[in-house]
Amino acid sequence: MSRDNLDSILREDRKFPPDAGFIGKARINRVALSAMQAHAERNLEEFWAGLAREELSWHRPFSEVLDRGQAPNFRWFADGELNASWNCLDVHLATHAERTAILFEGEPGDSRRLTYRELHGEVCRLANGLKALGIGSGDRVVIYMPMVPEAVIAMQACARIGAVHSVVFGGFSAHSLRDRIQDTGARLVITADGGHRGGKVIELKAAADKAVADGCDTVEAMVVLRRTGAPVAMQPGRDTWWSDLVADQPDQCPPVFVGAEHPLFLLYTSGSTGKPKGIQHSTGGYLLGAKLTTKWVFDLREDDVFWCTADVGWITGHSYVCYGPLAAGATIVMYEGAPSVPDGGRFWSICERLGVTVFYTAPTAIRALMKLGDDIPARHDLSRLRLLGTVGEPINPEAWMWYRDVIGGGRCPVVDTWWQTETGAIMISPLPGVTSTKPGSCTLPLPGVFADIVDESGEPVTDENKGGYLVIREPWPSMARTIWGDNQRYLDTYWARFDGRFYTAGDSAHRDRDGYFWIMGRIDDVLNVAGHRLGTMEVESALVAHPRVAEAAVVGRPHEIKGEAIFAYVVLRGDRPMGAAAAALTEELRAWVAEELGAIARPDDIRLTDNLPKTRSGKIMRRLLRSIARGEEISQDTSTLENPSILDQLRGEG
Ligand code: WT7
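Since the structure is predicted, the reported quantities are computational estimates derived from the model, not experimental observations. (Residues numbered from 1 in each chain as written. Predicted model: local features only at pLDDT ≥ 70, side-chain atom pairs only at ≥ 80, totals over all residues. Heavy atoms only, no water.)

K.L.:
I keep staring at the site of the ligand and nothing clicks. Help me out?
P.N.:
Near the ligand there are 16 residues, and of these Asp-416, Thr-417, Thr-421, Asp-507 and Arg-522 occur at the shortest range. A distance of 3.4 Å is found between a nitrogen atom of the ligand and a backbone nitrogen or oxygen belonging to Glu-393. Note that a nitrogen atom of the ligand is positioned 3.4 Å from one of the backbone N or O atoms of Pro-394. About the coverage of the ligand: the protein hides 89% of its 550 Å² of free accessible area. Going through the elements one at a time, α11 (315–327) and β25 (517–522) are the ones with two or more residues in the shell around the ligand. Within the shell around the ligand, the residues separate by chemical class into six nonpolar, five polar and five charged. (Near = heavy atom within 4 Å. Polar contact = N/O pair within 3.5 Å; in protein donor to acceptor, adjacent residues only side chain to side chain. Areas by Shrake-Rupley, 256 points an atom, 1.4 Å probe, with all protein chains shown as cover. Helix = DSSP H or I, 4+ residues; strand = E, 2+ residues; numbered from the N terminus. Nonpolar A, V, L, I, M, F, W, Y, C, P; charged D, E, K, R; others polar.)

K.L.:
Whenever I open this one, helix α8 (residues 204–213) confuses me. Can you help?
P.N.:
Count 3.6 residues to each turn of an α-helix, and residues three or four apart come out pointing the same way. Buried within α8 we find Leu-204, Lys-205, Ala-207, Ala-208, Ala-211 and Val-212. Along α8, the residues classed as buried sweep out an arc of 160 degrees about the axis, all on the same side. Seen from the open side of α8, the exposed residues pointing more than 90 degrees away from its buried face are Lys-210 and Ala-213. Gly-215 lies just past α8 and shows a positive phi near 85 degrees. (Buried < 20%, exposed > 50% of the residue type's maximum accessible area, 1.4 Å probe, protein only. Arc of directions from axis to C-beta.)

K.L.:
Looking at this structure, how should I read the sheet that holds strand β24 (residues 503–511)?
P.N.:
Hydrogen bonds between backbone atoms are what pair the strands of a sheet, whose relative direction is either parallel or antiparallel. Read across the open sheet, the four strands follow the order β21-β22-β24-β25; overall the sheet is antiparallel. A strand with exactly one partner marks an edge of an open sheet, and here the two such strands are β21 (451–454) and β25. Across the sheet, the mean angle from the axis of one strand to that of its neighbour is 45 degrees, orientation sign disregarded. Alignment of strand β22 (residues 467–472) against β24, held across five bridges, turns out to be antiparallel. (Pairing = 2+ DSSP bridges. Axes fitted to C-alpha atoms, helices over the stretch in contact; angles between N-to-C directions.)

K.L.:
What is the right way to read unusual backbone geometry from this model?
P.N.:
When glycine is set aside, most residues are seen to have a negative phi, and most peptide bonds are trans. Here the residue pair Ala-71 and Pro-72 is connected by a cis peptide bond, since its omega of 5 degrees sits within 30 degrees of zero. Position of Pro-72 relative to the elements: it lies in the loop between β1 (66–67) and β2 (75–76). A cis amide bond links Val-341 to the next residue, Pro-342, at an omega of -5 degrees. Its place among the elements puts Pro-342 in the loop between β17 (331–335) and α12 (346–354). A positive phi angle, close to 55 degrees, is found at Asp-499, a residue other than glycine. One can find Asp-499 in the loop between α16 (487–494) and β24. Asp-499 sits in the exposed class, given a relative accessible area of 66%.

K.L.:
Can you help me understand the packing of helix α2 (residues 30–42) against helix α3 (residues 44–55) in this one?
P.N.:
If you want to describe how two helices pack, look at the angle between their axes and the distance between the axes. Running from N to C, α2 and α3 point in directions that differ by 125 degrees, and their axes come no closer than 5 Å. The angle between α2 and α3 places the two elements in the oblique class. Across the interface between the two elements, Met-36, His-39, Ala-40 and Arg-42 of α2 pack against Leu-44, Glu-46 and Phe-47 of α3. Taken together, the residues of the contact of α2 with α3 break down into four nonpolar, one polar and two charged. (Parallel < 35°, antiparallel > 145°, perpendicular 65-115°, else oblique. Contact = heavy atoms within 4.5 Å.)

K.L.:
Where do I start with the confidence of the model for the chain in this structure?
P.N.:
Predicted coordinates in areas of low pLDDT are best not read in detail. For the chain, per-residue confidence averages 92 on the pLDDT scale, and 95% of positions sit at 70 or higher. The least confident element of the chain is strand β27 (residues 532–535), whose mean pLDDT is 63; the most confident is helix α6 (residues 149–161), at 99. A low-confidence stretch, residues 1–9 (pLDDT under 50), is modelled with 36 contacts involving residues beyond four sequence positions or located in other chains. (pLDDT = per-residue confidence, 0-100.)

K.L.:
Hey, could you run me through the environment of Arg-140 in this one?
P.N.:
Inspection of the secondary structure puts Arg-140 in strand β6 (residues 140–144). Assessed through its relative accessible area of 22%, Arg-140 is described here as partly exposed. The spacing of Arg-140 and Gly-185 is 45 residues in sequence and 6.7 Å in space, taken between C-alpha atoms. The residues touching Arg-140, leaving out its near neighbours within four places in the chain, are Val-164, Thr-184, Gly-185, Ala-186, Arg-187, Leu-188, Leu-266 and Trp-484. Polar contacts involving the side chain of Arg-140 include one to the main-chain carbonyl oxygen of Gly-138, which spans 3.1 Å.

Here you go:
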């Protein structure tokens, strides 16, 4: 990637300052932010140490803040001891045990409410049950559950006894589950008979059985939650019903205090090559990051009802469902099912009925719901909402504006939060009481986060709108510690590119004249058209800005003259035209993009399709699209494809 040709041609100049009412009440105002930034600049270790002492309850205080001895395998607060579950639950019991911790809604419409006292009791009972099964500190436990309170209870129970959980998303197949169980060497699997999703029952126990039967010799026991009531086969001697396991257990369980560097969890994420990586997070540093960013970015207060829609199978569900908000003593919402059941108003109906004040979701969900039109949200009272967040991919300005105007009624700040499984917590994001937002930009790094954009040789890119590698210059407490069982891969993936000088996120980004960060996409998603680097997201944003377009995905294909040609897959709002009408619309869209971004960005091919290929987590499968655009044989694993029948259409045969 050359610094001269990685140009950004996205032009977005709308800017929204936080309103006076919000500024007045915000946890972090301009003065507080300046003080924090100055502190972090002056003495980064002292900055984090102060926060770690203030925010976390330590069983044994740490004396050393940051150990760079084995850099880039950094260690934070290493001689301190604490327990994550203690910090999420016990610390609240003296002052607000009766506050609601979890408001749960199942897809079929059942609901539950757990106070902090009740949640603490359930976590202790399960923790005692796990101990009775012989699980102890350092043992790995794989959790394969629907989005029900017991998923959080299981995570917290592991944390309570020092066991290392690895949550596997319930939408993953038995095959993926097996790989993860094998890689962790788990002794125990916690699962459920099933869960409700999209009006169907997802049979988790059956998948877990299949996975374990396929060479998972380390698994000694399986704990099974009854959720759907569907019959399941229980293997005598190995399987226990959750309800039986906890039946006689006391609701108190002394926490096992662990060193701050003790792994809290492993979470698998896919890389550009090879098998999924087991990202290992620490106890102290991770929890600090999750808690602080929850308070800073979501401005959470006692009377807030916080709904992060992510499944606990993803890092977002770890940091902003299970750990951050509970450490902060907030009330969280958990919803089991799909946003489309019984209709596309489910999210808005939950926000209305449960009084959600802070809502955090992904651009893919926002776009899908936007596609259904404004009438659906209009049927719900969304006036309790005061803050909206987004995460997971660059959000196109059109979706951002719709979110702000239609969902937020124009009054809620929108925080576009950039981070990764590996960063553990939000890194670049507006602070809602300080930062003016711009649609499509994640704005500025949080205090203590030294993000930068560098060129091929690691020199900072200073020209405005020139793209480069997004890097983090200094370690931060919630950073991943290693890849489980493969530290070399950790070093190669995140540190080798610039000789260990800084963390390489694998994203490209540029900064505008205000220093705001704009994520252009993954490095391997960057197109090079006639010597100009183009972020795929920019072309997609342009397409989505067209009134007929609901969603777009852009990939490159080799082109004789220009190096790479732009190939766009487009999902329309409403019906997909055929024949001459389709050709005319395609031409119109090509001209539109040229008009929006410049001729260089005009897509060479546009394929109209009813859907984009997505993983069950909602990520567009770009490599698959790239293969199709290039007319190559599909070599990717399509087993995670939500809708396999889409392949013919994408090839232009449907
Ligand atoms: C990648 C990390 C961390 C939560 C969910 C995804 C992309 C994430 C944003 C954002 C633009 C974003 C990046 C990043 N990404 N947030 N606000 N704007 N891109 O976690 O699966 O680890 O993916 O998601 O490309 O590297 P993940």
